[in-house]
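Listed below, chain by chain, are the residues.
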Amino acid sequence: MRKFVALALALIQLVFVAACGGGGGYGGGGGTPPPPPVQMIATPGPPNVESLKVDVGPPGLTFPAVNTAFVSVTVCVPGSKTMCQTIDHIEVDTGSVGLRILSEALTSVTLPPETDGTNPLAECVQFADGTSYGSLHVADITLPVSGEAAANVNVHIIGDPAYVASIPSNCPPGLQREDTVASFGANGILGVGPFTDDCNSTGACPLPPAPPLSQNFIYYSCPTPGTCATTTATVAQQLPNPVTLFPSPDNNGVIVELPSVASAGATTVSGSLVFGIGTRTNNGLGTATVLPEDPFTGFITGTYKGTAYIDGYLDSGSNGNFFTDSSLTACTSNPNFYCPASTMSETATLRGTNAATLTANFSVANADMLFSNTSYTAFSNLGGTNGDAMGFDLGLPFFYGHNVFTAIEGNNVSGTMGPFFAY
Amino acid sequence: MKLIRPVVCSLVVAVTVAAPAFAALGGDATSVQADLARMKGALRMTSTAVFTVHEITTESGVVVREYVSPGDKVFAVSWRGPGIPDLRQMLGGYYGQFAQAASTTRGNHHRLAIERPGLVVQSSGHLRTFFGRAWAPDLLPQNFSVSDIN
């Protein structure tokens, strides 16, 4: 075990090369082919590189975190440099948009409410596994290691007691409530997906003429916490993608840079969350292939074992690679994951809205065996079922060993309009 | 309603209402007919030899499907779109099983699946598009494949 850890650490140190000077080097000469390029992981620090860590998460989680990458975020009362709190274990999610913090974790600062001019606002958001409700506030936010900062950002504070005491009836608990750190799985979430706002980037939320029934983002105007009424939110009132508010030019997308993980797993993984794509020497596309996404859904297509799955995406907020494969058995312990008898090597071809294709190689190990090592939190070969017949979701396991770019809509990023993925 | 053999037949009905209500999993399909007067959006029915699908598109653009057996029972439901319908309504009497299973199953914000002998529920989605389906294994008609729940 120790030898394994030492090897893993050595490997991490090998790839943790500062990229400020650009260009990667490897020994050459003679008749032997050079080894493949080393993954260049940017060194955390100003102006645009945040420390990213995969670990067990904050204390008290219902399920210890698996394949969840975290950053810390500092929130301050707008205009203040002292009325602040730095919150750790904020999940980095390229599959959602907006900064949301659990009220339970926000203990030492009171942020002013976001209002519609008259009343404070609240929001109900549904994730695939649960519903979160709470009030909206305004904060100056800073990512502490990189120093990236934005002022007057709308922030969703989930689970604040006065509000969850009277959850509106159209914010259904049909899925389980995720209004606590324990149930949410983190102290908060930093949604840095490829859209500029959570609900509607180009207009009001909900899109008229629909009333907000069965909508994933419902905004409320609340004369008091107990009298919230469904309301239409303007673009400015919605939850923004915080990256879009960072100082130009590092506001057009993000890169998740995590090193490879050994096949048995790892206790922690350290990497970087880089802001901006193609704007500095440490965030260029280099040899990455760009896959433009459907501009409305964010989907690309993954062709796997002869079937084209058109609801495809890469998502740092998915803790496994989720895809349909009837030759793999789902675990009896947890139907979300596969439990093949031995580790399978798989491959898919990804394609965006243009002709460019990209190969995605990944492994699927027996999830029960992986989880049996309870000190490990990172697994590159965790796979599972996808209930969407057209779904193909490459989650954090695929990110290990790849620098994965997510470009935000509305930006021309190194010659291609976002939204797009690249690696 | 009579089932039409393998030829698929479509009936499109548009009615207006306020709040959509759906026949729940395990419920009788006839309740959908009662709900017709209260549905806003489009109802579309397609039939095969084995099952009938009632497809309802809500005002907010979520497409909900109810899969009805020859015995007029809703044996499966699915949804796709910019929202997740209230599962208390969709799962009806099966909701309790789901809630208990969900609280003890590790998922993530973009994926949750639960499986019990009497109930399977799968939910996935990211950004603004969500998909899910649920079925009661012991209500599935003969010769039915769950890959047809989509």
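Bear in mind the structure is a predicted one, so any value in this text is a computation, not a measurement. (Residues numbered from 1 in each chain as written. Chains lettered and ligands numbered in written order. Predicted model: local features only at pLDDT ≥ 70, side-chain atom pairs only at ≥ 80, totals over all residues.)

Participant: Break down the overall build of chain A for me, with residues and values.
Facilitator: When you go through chain A residue by residue, the secondary structure sums to five helices and 24 strands. Each of the 423 residues in chain A was classed as buried or not, and the buried ones make up 54%. Taking the contacts inside chain A whose residues are at least 6 apart along the sequence as the reference set, 71% of them involve residues at least 24 apart. (Helix = DSSP H or I, 4+ residues; strand = E, 2+ residues; numbered from the N terminus. Buried ≥ 20, exposed ≤ 12 C-beta atoms within 10 Å, placed from the backbone. Contact = placed C-beta atoms within 7 Å.)

Participant: Break down the environment of L394(A) for me, with residues and values.
Facilitator: Position of L394(A) among the secondary structure elements: in strand β20 (residues 391–394). The contact partners of L394(A), leaving out residues within four places of it in the chain, are L314(A), N321(A) and A360(A).

Participant: Talk me through unusual backbone geometry; I want residue IDs and the actual numbers.
Facilitator: Residues and elements named next belong to chain A. For the peptide bond that leads from P46 to P47, omega is 0°, which places it in the cis range. For P47, the location among the structural elements is in the loop between α1 (2–15) and β1 (49–54). Here G418 and P419 are connected by a cis peptide whose omega angle stands at 5°. Here the phi dihedral of S414 falls at roughly 50°; this positive angle occurs in a residue that is not glycine. Tracing the chain through its elements places S414 in the loop between β22 (412–413) and β23 (416–417).

Participant: I'd like a rundown of the interface of chain A and chain B, residues and numbers included.
Facilitator: Many descriptions give the size of an interface as the accessible area lost when the pieces come together. Facing 40 residues of chain A, the contacting portion of chain B comprises 42 residues. At the level of secondary structure, the elements contributing two or more residues to the side of chain A that touches chain B comprise β5 (121–127) and β20 of chain A. Grouping the constituent residues of the side of chain A that touches chain B by class yields 15 nonpolar, 20 polar and five charged. (Nonpolar A, V, L, I, M, F, W, Y, C, P; charged D, E, K, R; others polar.)

Participant: Give me the pairing of strand β18 (residues 357–364) of chain A: which residues, what numbers.
Facilitator: All names here are of chain A. Here strand β17 (residues 344–351) pairs with β18 via eight bridges, running antiparallel. Following the sheet pairing, R351 is matched in β18 by T357. Hairpin geometry of β17 and β18 is characterised by an intervening segment of five residues between the two adjacent antiparallel strands. (Pairing = 2+ DSSP bridges.)

Read these as geometric descriptors, not functional statements.
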